[in-house]
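Residues per chain, in single letters:
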Amino acid sequence: MQTWFEAKISYFKVTELGKEQKVTEQFLLDAVSFTDAEARITKLAQEFTKGEFAVKDIKQSNVAEVFPYDHGEWWWKAKIALVTIDEEAGREKRTVINYLVMANDINEAVKRIEESLSFMVIPFVVLTVSRSP
């Protein structure tokens, strides 16, 4: 299973008007540790920034898996609940899992989540879908 980390970097970006503006952007990285995540975000930032940058934050993400698609304008975070039966207690048990999926709108995001999870034999319910930064 992959471990995902969210990293924020701050740097100066040239706007469309040609002015430099300080921005902070968030990235999602697949890494084995915090040290690996920091090394990866540093290397990535060196490739696309000119000048100084600062790694502002790194934290382990609650995203279980990412579903990239060729066509899609936005990333959507979907929270799903796996529904299982607790044999001993005799009631339903829900396990909440977060996924990221690329889509153009919320309806397409829901369809793609359902399509991407169609292999699962355990029933699930899509609880929420929201646009992700």
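Residues numbered from 1 in each chain as written. Predicted model: local features only at pLDDT ≥ 70, side-chain atom pairs only at ≥ 80, totals over all residues. Heavy atoms only, no water.

S.K.: Whenever I open this one, the overall build of the protein confuses me. Can you help?
M.R.: For the protein, the count of helices and strands is 2 helices and 7 strands. Its helices and strands in sequence order give the protein the pattern β-β-α-β-β-β-β-α-β, from N to C terminus. Its C-alpha radius of gyration of 18 Å places the protein more than 25% over the 14 Å reference for a compact globule of 133 residues. Here the C-alpha coordinates of the protein stretch approximately 60 × 35 × 20 Å along the principal axes. Across the 133 residues of the protein, 30% fall into the buried class. Taking the intrachain contacts of the protein between residues at least 6 apart in sequence as the baseline, contacts between residues at least 24 apart amount to 59%. As presented, the protein carries roughly 9,200 Å² of accessible surface, and 50% of it is formed by carbon and sulfur atoms. The averaged location of the 21 negative side-chain charges in the protein is 6 Å from the averaged location of its 17 positive side-chain charges. (Helix = DSSP H or I, 4+ residues; strand = E, 2+ residues; numbered from the N terminus. Rg over C-alpha atoms; globule rule 2.2 N^0.38 Å. Buried < 20%, exposed > 50% of the residue type's maximum accessible area, 1.4 Å probe, protein only. Contact = heavy atoms within 4.5 Å. Areas by Shrake-Rupley, 256 points an atom, 1.4 Å probe, with all protein chains shown as cover. Lys, Arg positive; Asp, Glu negative; His and termini not counted. Charge placed at Lys NZ, Arg CZ, Asp CG, Glu CD.)

S.K.: Is there a simple way to think about the sheet that holds strand β7 (residues 124-131) in this case?
M.R.: Backbone hydrogen bonds hold the strands of a sheet together, and the pairing may be parallel or antiparallel. If you walk across this open sheet you meet the 4 strands as β4-β6-β5-β7, and the pairing is mixed. Where the open sheet ends on each side, the last strands, each with one partner, are β4 (63-67) and β7. Direction aside, the axes of adjacent strands within the sheet are offset by 25° on average. Looking at chain direction, strand β5 (residues 74-86) and β7 are connected through 7 bridges and run antiparallel. Bridge assignment links Lys79 to a residue of β7, and that residue is Thr128. (Pairing = 2+ DSSP bridges. Axes fitted to C-alpha atoms, helices over the stretch in contact; angles between N-to-C directions.)

S.K.: Whenever I open this one, the pattern of salt bridges confuses me. Can you help?
M.R.: If the charged atoms of two oppositely charged side chains come close together, the side chains can form a pair. This model, assessed by the stated rule, comprises 4 salt bridges. Between Lys13 and Glu25 there is a salt bridge, with its nearest N and O atoms 3.5 Å apart. Taken together, the residues span a long stretch of sequence, with Lys13 in strand β1 (residues 4-14) and Glu25 in strand β2 (residues 20-30) at a distance of 12 residues. Judged by its relative accessible area of 25%, Glu25 is partly exposed. Here Arg40 and Asp36 are joined by a salt bridge, their closest N and O atoms 3.2 Å apart. One end of the pair is Arg40 and the other is Asp36, both in helix α1 (residues 34-48) and 4 residues apart, which spans about a single turn. Residue classification places Arg40 among the partly exposed residues on the basis of a relative accessible area of 41%. (Salt bridge = Lys/Arg side-chain N within 4 Å of Asp/Glu carboxyl O.)

S.K.: Explanation requested: the sheet that holds β2 in the structure shown.
M.R.: Pairing is antiparallel in the open sheet, where 3 strands are placed in the order β2-β1-β3. Of all strands in the sheet, those with a lone pairing partner are β2 and β3 (53-60), marking the two edges. Between one strand and the next, the sheet's axes are offset by a mean angle of 20°, whatever the strand orientation. Here β1 runs beside β2; their pairing, made up of 11 bridges, is antiparallel. Residue pairing across strands places Val14 opposite Glu20, the latter belonging to β2. Along the sheet, α1 makes contact with β1, β2 and β3, crossing β3 at roughly 145°.

S.K.: Mind showing me how you'd approach helix α2 (residues 106-116) here?
M.R.: Working note: α-helix, 3.6 residues per turn, so residues spaced by three or four point in the same direction. Here α2 has its buried residues at Ala109, Arg112, Ile113 and Ser116. In an axial view of α2, the angular spread of the buried residues amounts to 105°, which keeps them on one side of the axis. Of the exposed residues in α2, those oriented more than 90 degrees away from the buried face are Asn107 and Lys111. Those residues of α2 hidden inside the fold are in contact with β4, β5, β6 (91-103) and β7. (Arc of directions from axis to C-beta.)

S.K.: Help me out: how do you make sense of the nonpolar core in this one?
M.R.: Generally speaking, nonpolar side chains in soluble globular proteins are found buried as a group. Core analysis: the largest hydrophobic core is formed by 13 residues, its most contacted members being Ile80, Tyr99 and Ile113. Of all the secondary structure elements, the ones that give two or more residues to this core are β5, β6 and α2. Among all residues touching Tyr99, those that are not within four sequence positions of it are Val63, Ala64, Glu65, Phe67, Trp76, Lys77, Ala78, Ile80, Ile113 and Leu117. Ile9, Phe27, Leu29 and Ile58 belong to the second-largest nonpolar core, a separate cluster that totals 12 residues. (Core = buried A, V, L, I, M, F, W, Y, C linked by side-chain atoms within 4.5 Å.)

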